[in-house]
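# Chains, contacts and geometry: an overview
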Amino acid sequence: KISFTFDDGRASTYTRAASILNSYNLSGTAYITTDCVGMTKIPNACRAANDVSYMTWSQIKTLRDTCKWEIGSHSKSHPYMASTNPDDGQPNMLTAQQIANELAASKAALAAQGISATSYASPYGDYDASVLQETAKHYSSHRGFADQNDNVWPYNDYLLNNMQVQSPVTTDAVKAKIDDAIAKKTWLVLTFHDIVPQPSKNANKYQWGSSQLQTI
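Residues numbered from 1 in each chain as written. Predicted model: local features only at pLDDT ≥ 70, side-chain atom pairs only at ≥ 80, totals over all residues. Heavy atoms only, no water.

## Topic: the overall build of the protein chain
Here is the rule we go by: Counting from the N terminus, the helices are DSSP H or I runs at least four residues long and the strands are E runs at least two residues long. In this treatment the radius of gyration is a C-alpha quantity, and the globule benchmark scales as 2.2 Å times the residue count to the 0.38 power. Residues are treated as being in contact if the distance between any of their heavy atoms lies within 4.5 Å. Charged residues are defined here as Lys and Arg on the positive side and Asp and Glu on the negative side; His and the ends of the chain fall outside this count. Lysine's charge is taken at NZ, arginine's at CZ, aspartate's at CG and glutamate's at CD.
When helices and strands are tallied, the protein chain shows 6 helices and 9 strands. Here the C-alpha atoms of the protein chain give a radius of gyration of 16 Å, agreeing with the 17 Å that 2.2 N^0.38 yields for 216 residues. C-alpha extents for the protein chain along the principal axes are approximately 45 × 40 × 35 Å. When contacts within the protein chain are restricted to residue pairs at least 6 apart in sequence, long-range pairs at least 24 apart make up 62% of them. Measuring between centres, the 18 positive side-chain charges of the protein chain sit 6 Å from its 19 negative side-chain charges.

## Considerations on helix α1 (residues 11–22)
It helps to recall that an α-helix has 3.6 residues per turn; residues three or four apart then point in one direction. To keep it simple, the criterion reads: Given the number of residues in a helix, its expected span is that number minus one, multiplied by 1.5 Å. Only protein chains enter the accessibility calculation, which uses a 1.4 Å probe; a residue is then buried when its area is under 20% of its type maximum, exposed when over 50%, and partly exposed in between.
Counted at 1.5 Å a residue, the expected span for α1 with its 12 residues is 16 Å, and the 16 Å between its end C-alpha atoms agrees. Where α1 is concerned, the buried positions are A11, S12, T13, A17, A18, I20 and L21. Its buried side turned inward, α1 meets β1 (2–8), β2 (29–32), α2 (57–65), β8 (194–196) and α6 (210–215).

## Considering the state of the cysteines
Covalent bonding between the sulfur atoms of two cysteines defines a disulfide. Heads up, the condition is: By definition, disulfides here are pairs of cysteine sulfur atoms that lie within 2.5 Å.
Under the counting rule described, the total for this entry stands at 1 disulfide. Between the sulfur atoms of C36 and its disulfide partner C46 the distance amounts to 2.0 Å. A torsion of 85° about the S-S bond marks the disulfide between C36 and C46 as right-handed. In this pair, C36 sits in the loop between β2 and α2 while C46 sits in the loop between β2 and α2, placing the two residues 10 residues apart along the sequence. Each of the two residues, C36 as well as C46, counts as buried.

## Section: the nonpolar core
What counts is decided by this rule: Among buried residues, the Ala, Val, Leu, Ile, Met, Phe, Trp, Tyr and Cys ones that are joined through side-chain atoms within 4.5 Å form a nonpolar core.
Core analysis: the biggest nonpolar cluster contains 39 residues, and F6, W69, F192 and L213 have the highest contact counts within it. For this core, the elements supplying multiple residues, two or more each, are β1, α1, β2, α2, α3 (96–112), α4 (129–135), α5 (171–184) and β7 (188–192). At 4 residues, the largest contribution of residues to this core is made by α1. Counting residues in each nonpolar core, the second largest holds 6 residues, with C46, A48, A49 and V52 among its members.

## Comments concerning the environment of I99
One can find I99 in helix α3. Residue classification places I99 among the buried residues on the basis of a relative accessible area of 10%. Taking C-alpha positions, I99 is 30 Å from A17, a pair spaced 82 residues apart along the chain. In this structure I99 touches M81, L94, V131 and E134, once residues within four positions along its chain are discounted.

## Describing the pattern of salt bridges
Quick reminder of the rule: Salt-bridge detection follows one rule: a side-chain nitrogen of Lys or Arg within 4 Å of a carboxyl oxygen of Asp or Glu.
A complete count under the given rule lists 10 salt bridges for this structure. Note that D35 is salt-bridged to K76, the shortest N-O span being 3.0 Å. With D35 in the loop between β2 and α2 and K76 in the loop between β3 (70–73) and α3, this residue pair connects regions lying 41 residues apart in the sequence. Salt-bridge contacts for K175 lead to D179; the nearest nitrogen and oxygen are separated by 2.7 Å. Of this pair, K175 and D179 both sit in helix α5, separated by 4 residues, roughly a single helical turn. Among the charged side chains, a salt-bridge network with shared partners connects D8, R10 and D194.

## A look at the pairing of β1
Convention followed: A pair of strands is treated as paired once DSSP finds two or more bridges between them. A right-handed crossover is one whose linking path, passing over the helix from the first strand to the second, runs clockwise when the strands point away from the viewer.
The buried fraction of β1 is high, at 5 of 7 residues. Here β1 pairs with β7 via 5 bridges, running parallel. Pairing of I2 across the sheet is with L188, part of β7. Bridge count for β1 against β2 is 4 bridges, and the pairing is parallel. Within β2, the position partnered with D8 by the bridge is I32. Note that the unit made of β1, α1 and β2 has a crossover that is right-handed.

As structure tokens, then:
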């Protein structure tokens, strides 16, 4: 099995990725950072990245209703859930209440739009046992980011592994992982962020090319 997942709720998920997948009758999962929905201007206040545009609620619901995508949660505000990063604007650990709020408020924001989210992906792939315990109160699955292994049956629904796909990852590297999953009958989850015509070579931009997505 091969899954296409897209983090943050970036506008390119709707404007570029969806049409490419649709052309092959494929769908994906969009993990939404709910505080960032509707931030269409650049720069903006989204903690995930303030130099990209984000989908509107209307676009997200079109993904679900017309394109048949799954819509999941990527937290309320995209914090580090189990650690700190002073250089990235988060000098302090989240409290237990803040962790609970990130998970519950995101689910509630999606529900307010008629979206029943059952899946969650931790921002930065940052989690620990207590975060997973709280996640299980609201969602039936959790996808990691740094957890780059195959998903082998029986699956661990709260630790779904993935392959990060952004520059400088090549199409050949992704093809090799797809071929391996087919050969071994495993489940490969591909994780994308921004799909752009000319991706930056800076891995921290989390960009991959439109033509590359078309190729795979």
